[in-house]
Amino acid sequence: MYKYILSAIFLFIHSISFSQIIAFDNYTIKSGLPSNVIMDILQDSKGYMWFATQNGISRFDGYTFKNFSIEDGLPSIYIYCLFEDSKGHIWVGTEDGGVARYNGREFIIYNAENGLVGNNEINEIFEDYMGNIWVRTRAEGISKINNNVITNFTQERGLPSNEVLSGFVDSKGRVWFGTLEGIIIFDGKEKSTITTNEGLSNNIIWDIIEDKSNNYWIATQGGGVVRYNGKEFKNYTTEDGLNSNIILTLMEDADGNIWAGTYGKGLCKFNGKSFDAFTYKNLSSKTVIKLYEDRKKRIWILTRPDGIYQFHKNQFSYYTTENNLLDNIVWSINEDTEGNIWLGTFGGISKISKKPFEIYTTDFGIPDKDIGAVHADKSGNIWAGGYNGLF
């Protein structure tokens, strides 16, 4: 969602002072993949690995790839996202062909021709507690699919805006979407909207979370953070300790603390009454694009234009190429079953276990320096996808 206001900065690595050689299993077209461009990675409930590529999808059983293309029933070969529902069906979101559901035998297609909203370009698929499948399109609204019945929501049919920036399912099973013009909530029977008319400080909603006390925290562009208890709104701005009123991401940690990542002004944490801004090194000048907490309660802060921060036991650490982080642009983070932290960067993969970093580059068998996705499967294997294939 940050593509609207962020731009990537590419940095050249001048030197690497430490590395550890390991054996990588590399997978490319030569191994049976239909394409070397990997857009998404999914491990299903049966243990199969699924890969979204620019030439269809591929299922890996640990030994061989089974590829699916238009000839097998896909509506398009350009795949953007994958999702497994509660019935074990695999949903495939495409860039120009709508959505396909694979039931183990065949693909059922949902697109603009048979009722799906928009122009068949799909950004996200998820499921609510009642088994409804929600499909978020690129700037064209939302579709809900239940038992092959499609219900569309657009600005003309009650959606505040066709540009949907965020969404989640709350503890009551309600589905929330943040848009450019406020929030819409679906409770299964009816929908309601929340805008500045009801108490929001700003209608552009980048993120929404629910805390352990069932308060809703809302990240806005220009209006700071909003806390909503279901009845009343409390707005927090720079007058309440925030270092910026443009909030991109929110997170509640295991101890119930609320964290807010800002655009260009770093990180803030709620102290129960107001927000405290952190000024560690140059964090206060960074854009925070993602917050992640691992099982050791370490908070990882992914920033732009460079570096990654860690907050643990009231102390910050800052990692860049000077600390042997492989590249300063970190796109993805994943914790494996052993508690190792894997980072997908523009220069390859860095694994954090003990200082210093263990670094894996093309010199050690990785086919690509540009890593866009990292996934730890249930067996502890690490899968990474780049422009030149899967490994």
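Here the structure is a predicted model, which means the values were calculated and not measured.

The rules behind the values
Residues numbered from 1 in each chain as written. Predicted model: local features only at pLDDT ≥ 70, side-chain atom pairs only at ≥ 80, totals over all residues. Heavy atoms only, no water. Salt bridge = Lys/Arg side-chain N within 4 Å of Asp/Glu carboxyl O. Helix = DSSP H or I, 4+ residues; strand = E, 2+ residues; numbered from the N terminus. Buried < 20%, exposed > 50% of the residue type's maximum accessible area, 1.4 Å probe, protein only. Pairing = 2+ DSSP bridges. Phe/Tyr/Trp six-rings, centres within 6.5 Å; stacked < 30°, edge-to-face > 60°. Axes fitted to C-alpha atoms, helices over the stretch in contact; angles between N-to-C directions.

**Points about the pattern of salt bridges**
Line of reasoning, step 1. Applying the stated criterion across every chain, the model contains six salt bridges.
Line of reasoning, step 2. Note that glutamate 252 is salt-bridged to lysine 212, the shortest N-O span being 3.7 Å. Placement of glutamate 252 in strand E21 (residues 247-252) and of lysine 212 in the loop between strand E17 (205-210) and strand E18 (216-220) is noted, with a sequence separation of 40 residues between them.

**Some thoughts on the pairing of strand E13 (residues 164-169)**
Line of reasoning, step 1. The buried fraction of E13 amounts to five of the six residues, a majority that puts the element mostly inside the structure.
Line of reasoning, step 2. Taken together, the five bridges between E13 and strand E14 (residues 175-179) define a ladder with antiparallel strand orientation. In the sheet register, valine 164 faces E14, and the bridge partner there is threonine 179.
Line of reasoning, step 3. The antiparallel pairing of E13 with E14 creates a hairpin that spans five residues between the two strands, and glycine 173 there sits at a positive phi of about 85°.

**A short note on the packing of aromatic side chains**
Line of reasoning, step 1. Inspection of the entire model under this criterion finds 34 aromatic pairs.
Line of reasoning, step 2. When the centroid spacing of 5.8 Å and the interplanar angle of 50° are considered together, the rings of phenylalanine 126 and phenylalanine 177 count as tilted. With phenylalanine 126 in strand E9 (residues 122-127) and phenylalanine 177 in strand E14, this pair connects stretches of sequence that are 51 residues apart.
Line of reasoning, step 3. The buried category is assigned to phenylalanine 126, whose relative accessible area is 12%.

**Observations regarding the sheet that holds strand E15 (residues 182-186)**
Line of reasoning, step 1. Ordered by their spatial adjacency, four strands build an open sheet running E13-E14-E15-E16, and the pairing between neighbours is antiparallel. Across the chains shown, the open sheet's two edge strands, defined by having one partner strand only, are E13 and strand E16 (191-194). Each adjacent strand pair in this sheet contributes to an overall mean axis angle of 20°, direction not counted.
Line of reasoning, step 2. Bridge count between E15 and E16: four bridges; the pairing is antiparallel. Across the sheet, residue isoleucine 183 finds its bridge partner in E16, namely isoleucine 194.

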